[in-house]
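Structural description and commentary
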There are 2 protein chains.
Amino acid sequence: MSLAIADIGKAVLETEYAVRGPIVARAQELERSGRPIIYCNIGNPQALGQTPLSWTRRLLALCEYPGLATQAPGAFPADAIEAAKALLNGTKHGLGAYSESKGLKFVRDAVAAFISRRDGIAADPDSIYLTDGASKGVQAALRLLIAAPSDGIMIPIPQYPLYSATITMYEGKQVGYYLDEENDWALSRELLEDALAKAAKAGTKTKAIVVINPGNPTGSVLKAANVKMVIRFAKDHGLAILADEVYQDNIYRDGESFESFAKAMTELGETDVSLFSFHSTSKGFLGECGHRGGYMEVRNVLPDVMAQILKMQSVSLCSNLSGQVAMYSLVAPPPVGGPSRAEYDHERGAILGELKARAKLLADGLNKIPGFRCNEVAGAMYAFPRFELPAGKTDEQWCMALLEKTGVCVVPGSGFNQLPGTAHFRTTILPPRDQLAEVVKLIAAFHAEYK
Amino acid sequence: MSLAIADIGKAVLETEYAVRGPIVARAQELERSGRPIIYCNIGNPQALGQTPLSWTRRLLALCEYPGLATQAPGAFPADAIEAAKALLNGTKHGLGAYSESKGLKFVRDAVAAFISRRDGIAADPDSIYLTDGASKGVQAALRLLIAAPSDGIMIPIPQYPLYSATITMYEGKQVGYYLDEENDWALSRELLEDALAKAAKAGTKTKAIVVINPGNPTGSVLKAANVKMVIRFAKDHGLAILADEVYQDNIYRDGESFESFAKAMTELGETDVSLFSFHSTSKGFLGECGHRGGYMEVRNVLPDVMAQILKMQSVSLCSNLSGQVAMYSLVAPPPVGGPSRAEYDHERGAILGELKARAKLLADGLNKIPGFRCNEVAGAMYAFPRFELPAGKTDEQWCMALLEKTGVCVVPGSGFNQLPGTAHFRTTILPPRDQLAEVVKLIAAFHAEYK
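Residues numbered from 1 in each chain as written. Chains lettered and ligands numbered in written order. Predicted model: local features only at pLDDT ≥ 70, side-chain atom pairs only at ≥ 80, totals over all residues. Heavy atoms only, no water.

With that settled, consider the state of the cysteines. Within this structure, the stated rule accounts for 0 disulfides over all chains. No disulfide involves Cys399(A); its sulfur sits 8.6 Å from that of Cys409(A), the nearest cysteine. Under the relative-accessibility criterion, Cys399(A) is labelled buried at 0%. For the unlinked cysteine Cys289(B), the closest cysteine sulfur is that of Cys318(A), found at 8.2 Å. (Disulfide = S-S within 2.5 Å. Buried < 20%, exposed > 50% of the residue type's maximum accessible area, 1.4 Å probe, protein only.)

As a further point, take the confidence of the model for chain A. Overall, the prediction assigns chain A a mean pLDDT of 95, with 100% of residues at 70 or greater. Interface confidence in the predicted complex, given as ipTM, is 0.94; pTM for the same model is 0.95. (pLDDT = per-residue confidence, 0-100.)

With that settled, consider the pairing of strand β3 (residues 151-157) of chain B. Residues and elements named next belong to chain B. Most of β3 is tucked away: 7 of the 7 residues are buried. Bridge analysis of β3 against strand β5 (residues 205-212) gives 4 bridges, and the strand direction is parallel. Each residue of the ladder has a partner; that of Gly-152, found in β5, is Thr-206. Relative to strand β4 (residues 173-178), β3 is paired through 6 bridges, and the arrangement is parallel. (Helix = DSSP H or I, 4+ residues; strand = E, 2+ residues; numbered from the N terminus. Pairing = 2+ DSSP bridges.)

Quite often, the size of an interface is put as the accessible area lost when its parts meet. Residue and element names in this part refer to chain A. Domain boundaries in chain A define domain 1 (5-50 + 345-449) and domain 2 (89-331). The C-alpha centroid of domain 2 is placed 25 Å from the C-alpha centroid of domain 1. Taken residue by residue, the interface counts 39 residues in domain 1 and 38 residues in domain 2. Taken together, the two surfaces of domain 1 and domain 2 that pack against each other cover about 3,200 Å², and 54% of this comes from carbon and sulfur. The largest share of the area that domain 1 buries against domain 2 comes from Asn-375, Ala-378 and Ala-380, three residues that together contribute 17% of it. Summed over the shared surface of domain 1 and domain 2, the result is 5 salt bridges. The partner of Arg-253 in a salt bridge is Glu-376, with the nearest N and O atoms 3.0 Å apart. Taken together, the connections running from domain 1 to domain 2 amount to 20 residue pairs in polar contact (both at pLDDT 80 or more). For the side of domain 1 that touches domain 2, the secondary-structure elements that each account for two or more residues are α1 (10-14), α14 (341-367) and β10 (382-383). The element best represented in the side of domain 1 that touches domain 2 is α14, accounting for 6 residues. Class assignment of the residues belonging to the side of domain 1 that touches domain 2 gives a composition of 20 nonpolar, 11 polar and 8 charged. (Domains from an automatic or database assignment. Contact = heavy atoms within 4.5 Å. Buried area = accessible area lost by both parts, 1.4 Å probe. Salt bridge = Lys/Arg side-chain N within 4 Å of Asp/Glu carboxyl O. Polar contact = N/O pair within 3.5 Å; in protein donor to acceptor, adjacent residues only side chain to side chain. Nonpolar A, V, L, I, M, F, W, Y, C, P; charged D, E, K, R; others polar.)

Under the defined criterion, the tally for this structure stands at 64 salt bridges over all chains. Among the ionic pairs, Lys205(A) bridges to Asp7(B), the shortest N-O distance being 3.9 Å. Placement of Lys205(A) in strand β5 (residues 205-212) and of Asp7(B) in the segment before α1 (10-14) is noted, with the two residues assigned to different chains. One continuous salt-bridge network, built from bridges that share partners, spans Asp184(A), Lys223(A), Arg253(A), Glu256(A) and Glu376(A).

This part is about a negative patch on the surface. On the surface, Glu14(A), Glu16(A), Glu171(A), Glu396(A), Glu14(B), Glu16(B), Glu171(B) and Glu396(B) cluster together into a patch of negative charge. Given a relative accessible area of 43%, Glu171(A) falls into the partly exposed group. (Patch = residues over 30% accessible without salt bridge, like charges linked within 9 Å, V, L, I, M, F, W, Y side chains within 5 Å. Areas by Shrake-Rupley, 256 points an atom, 1.4 Å probe, with all protein chains shown as cover. Lys, Arg positive; Asp, Glu negative; His and termini not counted. Charge placed at Lys NZ, Arg CZ, Asp CG, Glu CD.)

This paragraph deals with the packing of aromatic side chains. Residues and elements named next belong to chain A. The final tally for this structure, using the stated rule, is 28 aromatic pairs over all chains. Between the aromatic rings of Phe-372 and Trp-398, the centroid separation amounts to 6.3 Å while the plane-to-plane angle is 50 degrees, which identifies the pairing as tilted. A residue pair is termed long-range when its members are at least 10 positions apart, and Phe-372 in strand β9 (residues 372-373) and Trp-398 in helix α15 (residues 395-406) qualify at 26 residues. Of the residues examined, Phe-372 reaches a relative accessible area of 6% and is grouped as buried. Aromatic pair Phe-446 and Tyr-450: ring centres 5.3 Å apart, planes at 40 degrees, arrangement tilted. Both residues of the pair, Phe-446 and Tyr-450, belong to the buried class. Above the ring of Tyr-170, the side-chain terminus of Arg-143 is found at 4.6 Å from the ring centroid. Sitting over the ring of Phe-285, Arg-348 keeps its end group 4.5 Å from the ring centre. (Phe/Tyr/Trp six-rings, centres within 6.5 Å; stacked < 30°, edge-to-face > 60°. Lys NZ or Arg CZ within 6 Å of the ring centre and 35° of its normal.)

For the rest of this paragraph, the subject is the relation of the copies chain B and chain A. Superposing chain B onto chain A takes a rotation of 180 degrees combined with a translation of 0.0 Å along the rotation axis, leaving an RMSD of 0.0 Å. Both chain copies can therefore be described as sitting about a two-fold axis. Closest to the rotation axis within chain B is the C-alpha of Ala61(B), separated from it by 2.2 Å. A shared binding surface is used by both copies, with 100% of the interface residues of chain B retained as interface residues in chain A. (Least-squares fit on C-alpha atoms with pLDDT ≥ 70 in both.)

All names here are of chain A. Strand order in this open sheet of 7 strands is β2-β8-β7-β6-β5-β3-β4, and the pairing throughout is mixed. In this open sheet, the two strands that pair with only one neighbour each are β2 (128-132) and β4 (173-178). Taking each pair of neighbouring strands and ignoring which way they run, the sheet shows an average axis angle of 25 degrees. With 4 bridges connecting them, strand β6 (residues 240-244) and strand β7 (residues 275-280) associate as parallel partners. Bridging across to β7, Ile-241 finds its partner in Leu-275. Each of β3 (151-157), β4 and β5 is contacted by helix α9 (residues 189-201), which is oriented at about 150 degrees to β4, the strand it contacts most. (Axes fitted to C-alpha atoms, helices over the stretch in contact; angles between N-to-C directions.)

What follows concerns the packing of α14(A) against helix α16 (residues 433-449) of chain A. All names here are of chain A. Packing of α14 against α16 brings their axes to within 10 Å, and their N-to-C directions diverge by 15 degrees. Here α14 is positioned roughly parallel relative to α16, judged by the angle of their axes. Pair α14 / α16 crosses with right-handed handedness. On α16, the residues touching Glu-354, Ala-357, Arg-358, Leu-361, Leu-362, Gly-365 and Leu-366 of α14 are Arg-433, Leu-436, Ala-437, Val-440 and Ile-443. (Parallel < 35°, antiparallel > 145°, perpendicular 65-115°, else oblique. Left-handed = near helix turned anticlockwise from the far one by under 90°.)

Residue and element names in this part refer to chain B. Overall, mixed pairing links the 7 strands, which are arranged β2-β8-β7-β6-β5-β3-β4 in an open sheet. At either end of the open sheet lies a strand with only one pairing partner, and these are β2 (128-132) and β4. Taking the axes of each pair of neighbouring strands and ignoring which way they run, one obtains an average angle of 25 degrees across the sheet.

Looking now at the interface of chain B and chain A. Across the contact, 90 residues belong to chain B and 91 residues belong to chain A. Summing the contributions of chain B and of chain A, the shared interface buries around 7,400 Å²; its carbon and sulfur component is 57%. Summed over the shared surface of chain B and chain A, the result is 6 salt bridges. Here Asp132(B) ties to Lys136(A) by a salt bridge, and the two come within 4.0 Å at their closest N and O atoms. Our count for the chain B to chain A interface comes out at 41 residue pairs in polar contact (both at pLDDT 80 or more). Those elements that provide at least two residues to the side of chain B that touches chain A are α1, α3 (54-64), α4 (68-71), α7 (133-145), α8 (161-169), β5, α12 (303-315) and α13 (321-331) of chain B.

One can find Leu95(B) in the loop between α5 (78-91) and α6 (105-119). Taking C-alpha positions, Leu95(B) is 8.8 Å from Val325(B), a pair spaced 230 residues apart along the chain. Residues in contact with Leu95(B), not counting those within four places in the same chain, are Arg57(A), Gly290(A), His291(A), Cys63(B), Glu64(B), Leu321(B), Ser322(B) and Val325(B).

If you trace the backbone, Gln139(A) turns up in helix α7 (residues 133-145). You can call Gln139(A) buried: its relative accessible area is 9%. Look past the residues within four positions of Gln139(A) in its chain and what remains in contact with it is Leu162(A), Thr166(A), Met169(A), Tyr170(A), Val315(B) and Ser316(B).

All names here are of chain A. Note that Tyr-247 resides in the loop between β6 and α11 (261-268). Since its relative accessible area comes to 3%, Tyr-247 is described here as buried. Here the alpha-carbon distance between Tyr-247 and Lys-283, two residues 36 residues apart in the chain, equals 6.1 Å. Residues in contact with Tyr-247, not counting those within four places in the same chain, are Pro-214, Asn-216, Lys-283, Ala-380, Met-381 and Tyr-382. Engagement of the side chain of Tyr-247 in a polar contact is seen with the side chain of Tyr-382, the distance being 2.5 Å.

The structure is reproduced here in structure tokens:
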């Protein structure tokens, strides 16, 4: 064979992505053989029954097939028809033409307006790149930052494996920093300094720090002071910041609110720290994972660096336009007082209310299992409980056995990194409440017997 | 600033992509200032007025908003409703959920059936990966193949700059081989051997050869014998083949037909040469560039290598599902005898007939300009004429001056590579006929005055 495994590079071979790793492959195998599987491995809300927002799907249908507005006049509220018309005008040539490499200006304008509304700060549409999901934005930023094998990127422990996988693929160094599980997974300046110093001693030139807020897999939500601490730390050490803010609408703890890095940076008057922040249509209340919509907003980056980002984006031409429309539907909700608004508010509220109830049900349930301890799921879509393993067992083994025995598919903590000597797994909060209660029961019964 | 140009790696800095390079940037600038621009730089049919196929857009609208089938019963033919229903069943969770990393099995089955129908050969849905346009498939294959800086990939001269850009970005070596302009841009075994030997002498380990058929930017269509010659060459030297076949439906020369690498390989009984072939929804008669639909079919690759491909695809989860639906609409046309078929045949025929007329008009027109010589545009969407430059001038300068003077935006031959001492540019055949005639006139008048 002209291509054998010996021909494949180290970077590819060493890349690992546990969220779709061997346990998930085994789950699919079992499912094909007729076993019912509950997929708690991935934040894929519509696969677990979440309904798409009518507003989003109406815009998409009208943009895909503009004749509908006249052929089926009764099927669409006037504000949806109007928004779709404005969008189509904004595309100039419909959804079938490539857009600018950055994405449609019309949508980037709407994203900038959204950021301004959310944070009360200015935002520049020309610093916004529409991407195929947030993943592609993250990969673009890491591609830019990793210039040599000695370049390091600080990532949380635990982290979302997109980061470790991409750093490995681009042959950079992972510089892990611990989140403080005892302190609701907050970041500590001391632990950041420790990690950075250790990396420097090993010859790594750290270029940036990744922060995921709300946290994946931790389910934590950072306080404003914690966000500002990270900015000062980045400034002191000349690091760029990658702010993964895709769960910004998923906050369940009463009184808690989302604090963006862009806002905190503006409040600090910080103009020296380069910031890449990411958002997505896949999470929040849209849950439109299949549409691969996302954006990356860039701040404090010089024009010559910006030109490099644009060039890299242009090689694969543009992100998909349906995803761009889905992003528009996220940042531009139906006008208040219009015919679509009440339905929109109802659908949005129902989804977020349901997620909040599930977050509580899951964490409470897990905390009742002997040997389990789970922080409050204050945000995002996951619980990351710590649990006790019999001597000699790994969390991979435990998760595989859980799958074989119960059909519940979760991801071992080792796929996200964790404090040595501890065991965790990540499960989504996404199954419907009755199913989630069943998941907890199955885990409890399985764990009681596991040895 | 925490991120400066000095922090950016060589791989990124050296990447070049002329199709959206400085001349296009200048065109956009001129357009914003009110100058009308004719964009002949990129194969973006719907941006130049091509209408999307009704079949494609009906499936997309119905999948985005399934309620339409009952809310607007008159708006959709029964076969479109039925196909959309089958597709939605195939997704299990609609377009809003991530699919398998390879893409929906339902769509991959349809792609496999399409290949079998087209070539009379077997095709395995599990060896098909649905991608965000063909670009992402090509990048995946190159990522797999380039394991070290000494690894080389043979690419044609002239080539489509996605290849040179991606090889540079992944820090491999470009091993250029000349296409024979005098011989309708055919590949010659002698020129392939020369290029390979030269690379070996320079210490490059060549891993694969890229063939673009029909040709971009050349507009040529390879004969079956030429395709088989390449397969034997690859076999003799242990190379994999990347077959860029995105223009397979764009063949204009009478009596010419598309010869796929998969078919030629099967006819030769060749099972040792690894093949990656690429298709797209962006070209052909769909022209659905904005939907970023594509597939990569892999043959003669061992299971352990296949597992690496799957793992790499899984890191960014899946390609966009609207693009997957668009791909389905390409490989599964409306049933013969059904209510959509006549309209589909008419739309398809009109688009391909129009492209054929434009291909001839453009090449004939260019050949009448003193100092110009253009091969017949037998396929694809481009002409790549050779022309004489005044001493001391480059084709970049000529193209920039053409833009400034006439508003016609084409890409210099240097962006695709060319025989040293020759000058070319690439122009699409896509503008409507009257506009295309105008383009030829503008070029002729400009060139007569250029010095």
